[in-house]
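Summary of structural features
Spelled out, the chains give:
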Amino acid sequence: MKKVIGIALICIGVALAFWGYDIYDSASAQITRTLNGETPLEAWAAMVGGAVCIVLGAFKVKG
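For clarity, every value in this text was computed on a predicted model and none was experimentally measured. (Residues numbered from 1 in each chain as written. Predicted model: local features only at pLDDT ≥ 70, side-chain atom pairs only at ≥ 80, totals over all residues. Heavy atoms only, no water.)

Before going further, it helps to spend a moment on helix 1 (residues 2-24). End to end, helix 1 covers 32 Å across 23 residues, agreeing with the expected 33 Å (1.5 Å per residue, within 8%). Within the span of helix 1, buried status applies to Gly-6, Leu-9, Gly-13, Gly-20 and Ile-23. Looking at the buried residues of helix 1, the elements they touch are helix 2 (27-36) and helix 3 (41-62). (Helix = DSSP H or I, 4+ residues; strand = E, 2+ residues; numbered from the N terminus. Expected span 1.5 Å × (residues − 1). Buried < 20%, exposed > 50% of the residue type's maximum accessible area, 1.4 Å probe, protein only. Contact = heavy atoms within 4.5 Å.)

Once that is clear, we can look at the packing of aromatic side chains. One pass over the full model with this rule turns up two aromatic pairs. Aromatic rings pair up to connect Tyr-21, Tyr-24 and Trp-44 into one cluster. A cation sits over an aromatic face here: Arg-33 above Tyr-24, 4.1 Å from the ring centre. (Phe/Tyr/Trp six-rings, centres within 6.5 Å; stacked < 30°, edge-to-face > 60°. Lys NZ or Arg CZ within 6 Å of the ring centre and 35° of its normal.)

Enumeration according to the criterion identifies zero disulfides in this entry. This cysteine, Cys-11, is not joined by any disulfide, and Cys-53 carries the nearest cysteine sulfur, 11 Å off. (Disulfide = S-S within 2.5 Å.)

This next bit is on a nonpolar patch on the surface. On the surface, a cluster of nonpolar side chains totalling about 510 Å² of accessible area is made up of Leu-41, Trp-44, Val-48, Val-52 and Leu-56. Among the structural elements, Val-48 can be located in helix 3. (Patch = residues over 30% accessible without salt bridge, like charges linked within 9 Å, V, L, I, M, F, W, Y side chains within 5 Å. Areas by Shrake-Rupley, 256 points an atom, 1.4 Å probe, with all protein chains shown as cover. Salt bridge = Lys/Arg side-chain N within 4 Å of Asp/Glu carboxyl O.)

This is the structure in structure tokens:
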């Protein structure tokens, strides 16, 4: 059962990371970065959350 949860976490993590990058690379985010240098919080949260899910999933699959 741990491996199934691990694989699910990895899949969710990859999806979150791609979604975060998509937000980061959107036209509105590029305009915001150009004007005031800030990156949307949703982009960082999704990319970091995705990375955490991938790492946790890898440990579940390994162990």
